[in-house]
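Structural overview
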Amino acid sequence: MELTPSNEDAGRLLDGCRQYLLVIANEVIGPELQGKLGASDLVQDTFLEAQRHLAVFRGKSKADTRAWLRKILECRLANIRRSYLATEKRATQREVKLAPLLAGSGAEHQVLESREPSPSNHAVRNEWNQALEQALARLPEHYRQAVAWRHQEQLSWDEIGRRMGRTADAARKVWSRAIQQLRRELGEHESIP
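Time to look at the pattern of salt bridges. Under the criterion given, the structure shown has eleven salt bridges. The residue Glu-159 makes a salt bridge to Arg-162 at a minimum N-O spacing of 2.4 Å. Separated by three residues within a single helix, Glu-159 and Arg-162 lie in helix 9 (residues 157-164), roughly one turn from each other.

For the rest of this paragraph, the subject is the packing of helix 9 against helix 10 (residues 168-186). The contact between helix 9 and helix 10 brings their axes to 7 Å, and the two run at 90°. One finds that helix 9 runs roughly perpendicular with respect to helix 10. The segment helix 9 lies against helix 10, with Trp-157, Asp-158, Ile-160, Gly-161 and Met-164 engaging Ala-168, Ala-171, Arg-172, Val-174 and Trp-175. When the residues that make up the contact of helix 9 with helix 10 are grouped by side-chain class, the tally is seven nonpolar, one polar and two charged.

Time to look at the packing of aromatic side chains. If you walk through the whole model with that rule in mind, you get two aromatic pairs. Ring centres 4.2 Å apart and planes at 25° place the aromatic pair Phe-57 and Trp-68 in the stacked group. Highlighted residues: Phe-57 in the loop between helix 3 (39-52) and helix 4 (62-85) and Trp-68 in helix 4, separated in sequence by eleven residues. Like Trp-68, Phe-57 is buried. Taking NZ or CZ as reference, Arg-150 lies 4.0 Å from the ring centre of Trp-157, over its face.

Below, the discussion takes up unusual backbone geometry. Positive phi outside glycine occurs at Gln-154, with the angle close to 55°. Classification of Gln-154 as exposed rests on a relative accessible area of 65%.

Among all positions in helix 9, only Trp-157, Ile-160, Gly-161 and Met-164 are buried. All buried residues of helix 9 project into a common sector of 100° when viewed along the axis, lining one side. Turned more than 90 degrees from where helix 9 packs its buried face, Asp-158 and Arg-162 sit exposed. Those residues of helix 9 that are buried are in contact with helix 8 (141-152) and helix 10. Positive phi shows up at Gly-165, right after helix 9, with a value of about 75°.

Our focus in this paragraph is helix 3. An ideal rise of 1.5 Å per residue puts 20 Å on 14 residues; helix 3 measures up with 20 Å between its terminal C-alpha atoms. All of the buried residues in helix 3 are Ala-39, Leu-42, Val-43, Thr-46, Phe-47, Glu-49 and Ala-50. The buried residues of helix 3 occupy an angular sector of 165° when projected down its axis, which confines them to one face.

Our focus in this paragraph is the environment of Leu-132. Along the chain, Leu-132 falls in helix 7 (residues 119-138). For the pair formed by Leu-132 and Leu-186, sequence separation is 54 residues and the distance between their alpha carbons is 6.9 Å.

Conventions used here
Every chain's residues receive numbers from 1 upward, in the order its sequence appears when written. Where local features are concerned, this predicted model is filtered to residues with pLDDT of at least 70; where side-chain atom pairs are given and counted, the filter is 80 or more; whole-chain, interface and lining totals use all residues. To get the side-chain values, take all heavy atoms of the structure and skip hydrogens and water. For salt bridges, the criterion is a side-chain nitrogen of Lys or Arg within 4 Å of an Asp or Glu carboxyl oxygen. By the criteria applied, helices consist of DSSP H or I runs no shorter than four residues and strands consist of E runs no shorter than two, each listed in order from the N terminus. Only the contacting stretch of a helix is used when fitting its axis, a line to C-alpha atoms as for every element, and angles between N-to-C directions run 0 to 180 degrees. Oblique is the label for any angle not under 35 degrees, not over 145, and not in the 65 to 115 range, which are roughly parallel, roughly antiparallel and roughly perpendicular in turn. Note on contacts: a residue pair is in contact if any heavy atoms of the two residues lie within 4.5 Å. In this count, Pro and Cys sit with the nonpolar residues alongside Ala, Val, Leu, Ile, Met, Phe, Trp and Tyr, while Asp, Glu, Lys and Arg are called charged and the others, Gly among them, polar. Stacked, tilted and edge-to-face are the three classes applied to pairs of Phe, Tyr and Trp rings, where Trp contributes its six-membered ring and a pair requires centres within 6.5 Å; stacked means planes under 30 degrees apart, edge-to-face means over 60, and tilted covers the rest. Burial classes follow relative accessibility: with a 1.4 Å probe on protein chains only, a residue under 20% of its type's maximum area counts as buried, one over 50% as exposed, and anything between as partly exposed. Placement of a charge over a ring requires the Lys NZ or Arg CZ to be within 6 Å of the ring centre, with the centre-to-atom vector within 35 degrees of the ring normal. The directions from the helix axis to the C-beta atoms are what the arc is built from. Helix span, as expected, comes to 1.5 Å for every residue beyond the first.

Remember that the coordinates give geometry; whether it matters functionally is a separate question.
What follows is the structure in structure tokens.
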């Protein structure tokens, strides 16, 4: 059967060659390209190229179609090889495999982590900060002062006690009660940083 653009069986005939081309693609894609190209991607690319050139194909049999598609696949692979292996910026030998990085722990795992918080982390942090400000506003004044002096000004217990007219131990107890009340006020937000 001759393939022509108007022939409705052209798509079925091409698709009938898919398994054949997948086997070939798996054989010819070398390890140097496996991270860049999968067999199914190469076969799909081959089909796209074949459809562009259906009008000039003069094959009469399934064997002719297979040979034609195989040639297109090999040409597409040669172009891809040149594109990745012949240029310095795309050199596959310079790539680092992710599997060892993901399996490891410690410094090598941090290579994959972003140092910037995500937008959702920003939103959660803003929501938590608002809840904290509202909870702080509901505290008695001496509780608010103890928390502010300890966390914002980073004063010692002795200095906080002196400002409150209390001992360092009494100042620590005031701060502790303030923190307990904040935790109750925050409820669901308690575990959020």
